[in-house]
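Commentary on secondary and tertiary structure
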Amino acid sequence: MSKIVLITGATAGIGEACARLFAQQNYDLILTGRRTERLDALATQLVSEFGIRVNTITMDVQIKEDVAKLEMLTDEWKKVNILINNAGLSQGLDPINSGSTTDWEVMIDTNIKGLLYVTKLVSNWMIENGSGHIINIGSIAGKETYLNGNVYCATKHAVDSLNKAMRIDLLPYKIKVTAIHPGAVETEFSEVRFHGDKERAKKVYEGFDALNAHDIAETIWFVASRPPHVNINDILVMPTAQANTSHLLRE
Ligand code: NDP
Ligand code: 8X3
C-alpha cells in the first residue's frame, strides 16, 4: 500500500496542483471538493497517468454532515499519512461597515470551521495510526491585515493560530504540523473573491509574476518530504515582486 494524502479543495488551484505532484510521487490520493465532475476528471487522469489509486469524496467543508462522509472510507484508506487543509476562499473586498454578512459567514464557515471539522476527524485517525502530518494552508493574510481584507484576514489569522495550537496538542502523538502561508498565487482565488468577475480578477495579477499553484505544491512537497525528525512549523512564500501585502512591484 502506498502512502496516502488527503487534500481538501482539490478541484482547482493549489489543491489540484498538490494532487498532481503527490500522484507523481506515487501517493494514493483522497481528493475532496464540492465540484464532483472536476474531482472525477482529475481522478481519471491521475490514475491513468501515474497508476495510483484515487478516492474522491464530494463534500462541502462548511457542512459537518458532509465532512462526516469521510468516516465511510475503509480502514485501509483511513491510514492517511498527510492531510492538506487547503479548501478555502475569500468573498468580497469591502470595508467592515459595508461588507456582506453572507460573505463573512461563508469565509468563517469554510476557512475556520471547515478546517476544524476535517482536522478533528483525520487527526484521530493519525493518532490511531501512530503518525501523520497536517499541512494547513494559511496566507500572508494570516500574518498581516490589509485594506478591506478584514474578515478574510481574520480567518487566515485563525488558521495561523490553529496551526500553532495543533502543533502543541498533537505533539504527544508525534504528528507533524506545518503552515504554508503564500502571497499572491494566480489561481481561481480572485475570481471567487469577486464573485465571478473575471476582468477584475485578472487585474490582481497584472504587471508582475505571481506565484503559481505548482510553486506552492512544490513547497508543500518539500515540507512533506523532510526526514521523520524534522518538522517545519511555518513557511511564508511570496512572489519575488511582492514584499508584503502593501509593497508589490508592478512593471
Ligand atoms: P482556488 O479558488 O483556485 O481553489 C480553492 C479550492 O477550495 C477549490 O478546489 C474549491 O473547491 C475549494 N473549496 C472552496 N470552498 C470549499 C468548500 N466550502 N468545501 C470544499 N471545498 C471548498 O483557490 P486557491 O487554490 O488559490 O486556494 C487554496 C487555498 O490557498 C485557500 O485556502 C486560499 O485561502 C489559500 N491561499 C490562496 C492564495 C492565492 O493568492 N491564491 C494566497 C494565500 C492563500 P470547490 O469549489 O469545488 O468546492
Ligand atoms: C490570498 C492572498 O493577499 O489576497 O490569501 O490575501 S491575499
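Residues numbered from 1 in each chain as written. Chains lettered and ligands numbered in written order. Predicted model: local features only at pLDDT ≥ 70, side-chain atom pairs only at ≥ 80, totals over all residues. Heavy atoms only, no water.

With that out of the way, let us pick up helix α4 (residues 101-129). Over its 29 residues, α4 extends 40 Å from the first C-alpha to the last, a length consistent with the 42 Å expected when each residue adds 1.5 Å. Of all the bends in α4, the greatest measures close to 35 degrees and is centred on Lys-113. Regarding α4, its N-cap is Ser-100, as a side-chain oxygen of that residue lies 3.2 Å from the backbone nitrogen of Thr-102 further along. (Helix = DSSP H or I, 4+ residues; strand = E, 2+ residues; numbered from the N terminus. Expected span 1.5 Å × (residues − 1). Bend = angle between axes of the 7 residues up to and from the residue. Polar contact = N/O pair within 3.5 Å; in protein donor to acceptor, adjacent residues only side chain to side chain.)

With that out of the way, let us pick up the pattern of salt bridges. Counted under the stated rule, the structure contains 12 salt bridges. Note that Arg-20 and Glu-16 form a salt bridge whose closest N and O atoms lie 2.9 Å from each other. One end of the pair, Arg-20, and the other, Glu-16, are both in helix α1 (residues 13-24), four residues apart, so they sit about a helical turn from each other. Given the relative accessible area of 29%, Arg-20 is considered partly exposed. The partner of Asp-109 in a salt bridge is Lys-113, and the shortest N-O contact between them spans 3.3 Å. One end of the pair, Asp-109, and the other, Lys-113, are both in helix α4, four residues apart, so they sit about a helical turn from each other. Its relative accessible area of 35% is what places Lys-113 among the partly exposed residues. Several salt bridges share partner residues, and in doing so they unite Lys-143, Asp-160, Lys-164 and Asp-234 into one network. (Salt bridge = Lys/Arg side-chain N within 4 Å of Asp/Glu carboxyl O. Buried < 20%, exposed > 50% of the residue type's maximum accessible area, 1.4 Å probe, protein only.)

Attention now moves to the site of ligand 1. For ligand 1, the set of nearby residues contains 30 residues, the closest of which are Thr-11, Arg-34, Asp-60, Tyr-152 and Thr-187. For ligand 1, an oxygen atom lies 2.8 Å from a polar atom in the backbone of Ile-14. At 2.8 Å, a backbone N or O of Asn-86 approaches an oxygen atom of ligand 1. Bound to the protein, ligand 1 loses 96% of the 880 Å² it would expose on its own. Secondary structure elements with two or more residues in the shell around ligand 1: α1, α5 (150-169) and α6 (189-193). The residue inventory of the shell around ligand 1, partitioned by class, reads 13 nonpolar, 12 polar and five charged. (Near = heavy atom within 4 Å. Areas by Shrake-Rupley, 256 points an atom, 1.4 Å probe, with all protein chains shown as cover. Nonpolar A, V, L, I, M, F, W, Y, C, P; charged D, E, K, R; others polar.)

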